[in-house]
Amino acid sequence: MKKILMIGTGGTIASRATSNGLDPQMTLDEILTYIPDIAKICEVDTIQVCNIDSTNISPEHWILLVNTIRENYDNYDGFVICHGTDTMAYTAAALSYMVQNSAKPILLTGAQKPINKEISDSKINLFDSFLYATFDGASGVQIVFNGKVILGTRARKTRTKSFQSFSSINYPYLAVIQDGHIIQYINQAKTETPAFYDTLNTKVGLFKLTPGVEADVLSYMLERNDAVIIESYGVGGIPSMPQYHYLEVIQEWIAKGKTVVMTTQVPNEGSDMNVYKVGYNLKSRVPILEAYDMITEAVVCKLMWILGQTKDPEQIKKLFYTTISNDILY
């Protein structure tokens, strides 16, 4: 049987009810007692890197996960990470950039209800994850949730309570798992040698454009970060009425070496700044980067990874538009 390393970070799946709400308290060994059938499909070892609500997950935890995977990579056939759902998409995106070209599956899963509840999605999500981790066609970073296998750079939490929590944005599901059967739709390319990265620049800000918000807010964020993502409306653009001065702010900070990326608040289909004048005028006058069909979670994590490797604007641009784990297909 294949050997799988189960890595624990906490989350709802490991939570117990307290007088102050759910709190991660269960160990991985406790969790495994609820799913004895996993022992029939693989050998499992466990490492608990932390036991926290995923609201508390930070880039430092991503580095801890990468180092754990790297130290154990040669000893296991795959990895299953138990993670809270709230920041799981960010962690999946981050690991997609920090562990590239993995021929072995690195899977994240969790639950909307704790595993010790009578009605819970925990057991099936965990069993499906271990089942997929033993599948010969599995490789790279994915989320396994509610019978769906979602590429790590394309996953987003789209429901807060129901079991169908995650969607694949601008990309098909890689596979579905039904009654213990894996139906694979897309095979990920495999390479022999993975590339590990443990350097991130976390000075990446996200500015959500709302009607009436002043450009000074964007300037404030650019002053304190090395890159800022503008989450605009529709296909992307900035307010151009006389009372606004977004163009001047963006020009000023890009000239000072800051990186600015335009993306959209709309979940599906991505940006296209050439459609409207409010986008075209900006893109034609300043070297702003455009996210196209990349999701915000991936843009945030990719910029942290890129800026951890280089400060050169041309290299930043080149890496941003380099497709990694099918994150951008514009």
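Residues numbered from 1 in each chain as written. Predicted model: local features only at pLDDT ≥ 70, side-chain atom pairs only at ≥ 80, totals over all residues. Heavy atoms only, no water.

J.: Got a minute to help me understand the overall build of the protein chain in this structure?
T.: The helix and strand tally for the protein chain stands at nine helices and 18 strands. Against the 2.2 N^0.38 benchmark of 20 Å for 330 residues, the protein chain shows a C-alpha radius of gyration of 21 Å, consistent with a compact globule. Here the protein chain holds 330 residues, and 54% of them are scored as buried. Summarising the internal contacts of the protein chain: among those between residues at least 6 apart in sequence, 70% fall at separations of at least 24. Roughly 14,500 Å² of accessible area belongs to the protein chain as shown, and the carbon and sulfur atoms make up 49% of that amount. Of the side chains in the protein chain, 28 bear a positive and 34 a negative charge, and the two mean positions are spaced by 3 Å. (Helix = DSSP H or I, 4+ residues; strand = E, 2+ residues; numbered from the N terminus. Rg over C-alpha atoms; globule rule 2.2 N^0.38 Å. Buried < 20%, exposed > 50% of the residue type's maximum accessible area, 1.4 Å probe, protein only. Contact = heavy atoms within 4.5 Å. Areas by Shrake-Rupley, 256 points an atom, 1.4 Å probe, with all protein chains shown as cover. Lys, Arg positive; Asp, Glu negative; His and termini not counted. Charge placed at Lys NZ, Arg CZ, Asp CG, Glu CD.)

J.: Quick question: what am I supposed to make of the sheet that holds strand β18 (residues 289–290) here?
T.: Two strands in a sheet stick together by hydrogen bonds in their backbones, pointing the same way (parallel) or opposite ways (antiparallel). Here we have four strands laid out as an open sheet, ordered β15-β16-β17-β18, and parallel in their pairing. Only two strands of the sheet have a single neighbouring strand rather than two, namely β15 (204–208) and β18. As defined by bridge partners, β15 adjoins strand β16 (residues 227–232) across five bridges and the pair is classed as parallel. Across the sheet, residue Phe207 finds its bridge partner in β16, namely Ile230. Along the sheet, helix α5 (residues 215–224) contacts β15, β16 and β17 (259–264); its crossing angle with β15, the most-contacted strand, is approximately 170°. (Pairing = 2+ DSSP bridges. Axes fitted to C-alpha atoms, helices over the stretch in contact; angles between N-to-C directions.)

J.: When you look at helix α4 (residues 122–133) in this model, what are you seeing that I'm missing?
T.: Given 3.6 residues per turn, any residue in an α-helix points the same way as the ones three and four places further on. For α4, with 12 residues, the first-to-last C-alpha span of 16 Å sits near the 16 Å given by 1.5 Å per residue. When we look at burial in α4, the residues that qualify are Ser122, Asn125, Leu126, Asp128, Ser129, Phe130, Leu131, Tyr132 and Ala133. (Expected span 1.5 Å × (residues − 1).)

J.: Hey, could you run me through the packing of aromatic side chains in this one?
T.: Aromatic rings considered in pairs are described by the distance between their centres and by the relative angle of their planes. Applying the stated rule across the entire model yields 13 aromatic pairs. Ring centres of Tyr73 and Phe196 lie 5.7 Å apart, and the angle between their planes is 80°; this geometry places the pair in the edge-to-face category. Of this pair, Tyr73 sits in the loop between α2 (59–72) and β5 (78–82) while Phe196 sits in strand β14 (residues 195–196), placing them 123 residues apart in sequence. Under the relative-accessibility criterion, Tyr73 is labelled buried at 6%. Residues Tyr292 and Tyr321 carry aromatic rings whose centres are separated by 6.2 Å and whose planes lie at 50° to one another, so their mutual orientation is tilted. Taken together, the residues span a long stretch of sequence, with Tyr292 in the loop between β18 and α8 (296–309) and Tyr321 in the segment after α9 (313–320) at a distance of 29 residues. On the accessibility criterion, Tyr292 (17% relative accessible area) is buried. You can call Tyr321 buried: its relative accessible area is 19%. Among the aromatic side chains, those forming a connected cluster through ring pairs are Tyr73, Tyr76, Phe79 and Phe196. Sitting above the plane of the Tyr76 ring, Lys3 keeps its charged end 5.2 Å from the centroid. Directly above the aromatic system of Tyr73 lies the positively charged group of Lys104, at a separation of 4.5 Å from the ring centroid. (Phe/Tyr/Trp six-rings, centres within 6.5 Å; stacked < 30°, edge-to-face > 60°. Lys NZ or Arg CZ within 6 Å of the ring centre and 35° of its normal.)

J.: Sorry, what's going on with unusual backbone geometry here?
T.: Apart from glycine, the bulk of residues carry a negative phi angle, and the bulk of peptide bonds sit in the trans form. Although it is not a glycine, Asn170 sits at a positive phi angle of roughly 60°. For Asn170, the position within the fold is in the loop between β11 (166–168) and β12 (175–178). Residues other than glycine seldom take positive phi values, yet Asn326 does so here, at roughly 55°. Tracing the backbone through its elements, the reader meets Asn326 in the segment after α9. The partly exposed category is assigned to Asn326, whose relative accessible area is 24%.

J.: Sorry, what's going on with the sheet that holds strand β1 (residues 3–10) here?
T.: With respect to topology, eight strands assemble into an open sheet ordered β4-β1-β5-β7-β8-β9-β12-β13, the strand pairing being mixed. Here the strands that pair on one side only, and so sit at the sheet edges, are β4 (43–52) and β13 (181–184). Neighbour-to-neighbour, the strand axes of the sheet open up by a mean angle of 25°, direction not taken into account. Relative to strand β7 (residues 105–109), β5 is paired through four bridges, and the arrangement is parallel. Residue pairing for β7: Cys82 is matched across the bridge by Thr109. Contacts between helix α3 (residues 88–98) and the sheet are confined to β5, β7 and β8 (140–145), with β8 contributing the most and set at about 160° to the helix. Along the sheet face, α4 touches β1, β4, β5, β7, β8, β9 (148–151), β12 and β13 and points at about 175° away from the line of β7.

J.: Is there a simple way to think about the environment of Ile31 in this case?
T.: Tracing the sequence through the fold places Ile31 in helix α1 (residues 28–32). Residues Ile31 and Gln265 lie 234 residues apart in sequence; the distance between their C-alpha atoms is 37 Å. Those residues within four positions of Ile31 in sequence are excluded, and the remaining contacts are Met6, Ile13, Ala14, Met26, Ile115 and Leu126.

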